[in-house]
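# Observations on the three-dimensional arrangement
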Amino acid sequence: MKPAIVTLGSHSALQIAKGAHDEGLHSIVVATPKQKSVYERFPFIDELIVIDNFADFPSLTDQLKKKHAIVIPHGSFVAYLGMEENLEMQLDYFGSKQVIVWEFDRLMQRKWIEEAGILVPKRFKVGEPIDRTVIVKTYGAAGGSGYFLARTQKDLEKNAVKIQNKEYLMQEYIIGVPMYVHYFYSPLTEKLEIMSIDRRYETNADGLGRLPIQHQDGVTEPSYTVVGNSSLVVRESLLVQFYDMGQKAVDYSKKHISKKGLFGPFCLEMVIDEQQRCFVIEISARIVAGTNLFIKGSPYSDLLYDEPMSTGRRIAREIRTAAEQKELHKVLHED
Ligand code: ATP
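Bear in mind that the values here come from a model prediction, so they are computed numbers and not experimental data. (Residues numbered from 1 in each chain as written. Predicted model: local features only at pLDDT ≥ 70, side-chain atom pairs only at ≥ 80, totals over all residues. Heavy atoms only, no water.)

## Things to note about helix H11 (residues 238–256)
An α-helix turns once per 3.6 residues; consequently, residues spaced three or four apart project the same way. Rules: A helix here means a DSSP run of H or I that spans at least four residues, while a strand means a run of E at least two residues long, and both kinds are numbered starting from the N terminus. In a helix, the anticipated span is given by 1.5 Å times the number of residues less one. Remark: exposure states derive from per-residue accessible area (1.4 Å probe, protein chains only) relative to the maximum for the residue type, with buried under 20%, exposed over 50%, and partly exposed in between.
Here H11 spans 27 Å end to end across 19 residues, near enough to the 27 Å set by a 1.5 Å rise per residue. Within H11 the residues assigned to the buried category are Leu238, Leu239, Phe242, Met245, Gly246, Ala249, Val250, Tyr252 and Ser253.

## Concerning empty space enclosed by the protein
Counted only if it meets this: Residues are said to line a cavity or pocket when one of their atoms sits within 4 Å of a point; the points come from a 1 Å grid over protein atoms alone, cavities being sets where a 1.4 Å probe fits but cannot get out and pockets being open sets with protein on both sides within 12 Å along at least five of seven lines. Grid points are joined across faces, edges and corners, and a volume is the space filled by probe spheres set on the points. Classification convention: Asp, Glu, Lys, Arg as charged; Ala, Val, Leu, Ile, Met, Phe, Trp, Tyr, Cys, Pro as nonpolar; all other residues, Gly among them, as polar.
A full pass over the atoms with the stated rule returns one cavity of 30 Å³ or more. Put simply, the largest cavity is a space of about 120 Å³. Lining the largest cavity are 16 residues, with Pro73, Phe94, Gly95, Ala285 and Arg286 sitting closest to its centre. Each residue belonging to the lining of the largest cavity can be placed in one class, and the counts come to twelve nonpolar, three polar and one charged.

## Some words on the environment of His26
This is how the line gets drawn: Under this definition, polar contacts are N or O atom pairs within 3.5 Å; protein pairs additionally need one hydrogen-donor-capable and one acceptor-capable atom, and for neighbouring residues in sequence, both atoms have to be side-chain atoms.
Inspection of the secondary structure assignment puts His26 in strand S2 (residues 26–31). Measuring from C-alpha to C-alpha, the distance between His26 and Met270 comes to 35 Å, with 244 residues separating the pair along the chain. Among the polar contacts made by the side chain of His26, one reaches the side chain of Glu47 at a distance of 2.7 Å.

## With respect to the pattern of salt bridges
Rule in force here: By salt bridge we mean one thing: a side-chain nitrogen of Lys or Arg within 4 Å of a carboxyl oxygen of Asp or Glu.
Under the definition given, this model contains 21 salt bridges. Residue Glu47 pairs with Lys67 through a salt bridge whose shortest N-O separation is 3.0 Å. On the criterion of sequence distance, the pair formed by Glu47 in strand S3 (residues 47–50) and Lys67 in the loop between helix H3 (61–66) and strand S4 (69–71) is long-range, its members being 20 residues apart. Counted as one network, the salt bridges with shared partners bring together Glu23, Glu307, Arg313, Arg317, Arg320 and Glu324.

## Side note on the side chain of Asp198
Rules: Only four residue types enter the tally: Lys and Arg on the positive side, Asp and Glu on the negative side; His and the chain ends are excluded. Contacts were defined at the residue level, with two residues in contact if any of their heavy atoms lie within 4.5 Å.
Inspection of the secondary structure puts Asp198 in strand S11 (residues 191–204). Despite its burial, Asp198 pairs with no opposite charge; the closest candidate is Arg200, at 5.1 Å N-O. For Asp198, the side chain forms a polar contact with the side chain of Asn229, separated by 2.8 Å. Leaving out residues up to four positions away in the same chain, Asp198 has contacts with Met179, Tyr180, His182, Asn229, Ser230, Leu232, Gly290, Leu293 and Phe294.

## Here's the deal with the layout of surface pockets
With a probe scaled to a water molecule rolled over the atoms, the places where space remains empty come into view. In this structure, the second largest pocket spans a volume of roughly 190 Å³. Contributing to the lining of the second largest pocket are 15 residues, with Met89, Gln90, Leu91, Asp92 and Tyr93 lying nearest its centre. By residue class, the composition of the lining of the second largest pocket is six nonpolar, three polar and six charged.

## Considering the sheet that holds strand S10 (residues 177–186)
Put simply, the test is: Strand pairing is defined by DSSP finding a minimum of two bridges between the two strands. Fitted lines through C-alpha atoms serve as axes, helices being fitted only where they are in contact, and the angles separating the N-to-C directions of these axes extend from 0 to 180 degrees.
Pairing is antiparallel across the open sheet formed by five strands, whose spatial order is S12-S11-S10-S13-S14. A strand with exactly one partner marks an edge of an open sheet, and here the two such strands are strand S12 (224–231) and strand S14 (278–284). Adjacent strand axes in the sheet meet at a mean angle of 35 degrees when their direction is disregarded. One ladder, built from six bridges, connects strand S13 (residues 264–272) with S14; its direction is antiparallel. Considered in S14, the bridge of Glu269 is made with Glu282.

## Quick look at the packing of helix H6 (residues 97–104) against helix H7 (residues 106–115)
To be explicit about the condition: To sort the angles, those under 35 degrees are grouped as roughly parallel, those over 145 as roughly antiparallel, those from 65 to 115 as roughly perpendicular, and the leftovers as oblique.
The contact between H6 and H7 brings their axes to 5 Å, and the two run at 105 degrees. In terms of orientation, H6 and H7 fall into the roughly perpendicular class. Counting all contacts with H6, which are made through Val99, Val101, Trp102, Glu103 and Phe104, the residues of H7 involved are Arg106, Met108, Gln109, Lys111 and Trp112. Here the residues of the contact of H6 with H7 are counted per class, giving six nonpolar, one polar and three charged.

Have a look at this one:
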């Protein structure tokens, strides 16, 4: 029996379900009553299951097991189900669960990127004097809304109230272009693919640059709420670094995180400075919402595939191929 795929109705569910359907797999979306009206509009969703709350998802386990459903995690899984529930989920799961534990913890995430040999912005310890512009990030600040910039010790003191009783980190502020590189690592072919690249439009950080400097005085701190994404192609010479960084993240995870390591879709969030150095500020070990731009593929996926290939479809292709080769175990989480 062909596997089915299931995901929560949120984040990148449309892309995932369309990709599965296009690959001939049964696509199941689990939605709450509020979202039902959106998801029932799309005929590529073969089955829509409505539950009162996403937290009730585990109650569907037996029903989904009978359909040979494989869970495709996305950015809303930890948010809606919680880390414990994700780890304990009894359904087949596309990806390694250990990597989300590392992704979730800022210090472990930093250890992963740094020890893998990927360039990261310099970090200043709490209390350490700063000698350049830093970005101060409080943990759990949604969309970077509680972040602030500081160039001197005085700036830090001025903003002390924002970090009082909070956990935070201080990082060199990289002046450059933020980019999100979307990768796919195939455990079947052991090849790394760049699927697409996007940039985010963040308000008001992107708005500040449009304001002449004489009018910037007194303007509040930049904030980084994402309000849109656009597609990017980069200087071709940057691809060498991009592949190298992605491969390092995969290799490290196989050695230090779990046997299968990081596989399937992931994203490196980076800022590229004037010397074209790529500083990685975050790794997302799963499909990211920026890939929603590329339902019909991107210039990079077009170079690899002669058909429209979104990240969602690429996931389904991997599952379909694994099932055909009787190697499904290679693409599923294993304890
Ligand atoms: P998310 O988890 O949604 O990606 P977040 O709240 O964890 O976001 P970060 O990704 O750490 O926040 O940062 C938000 C934004 O702040 C980035 O998209 C980037 O524009 C900017 N930023 C963060 N760190 C740096 C840095 N070291 N140098 C320059 N800009 C930075």
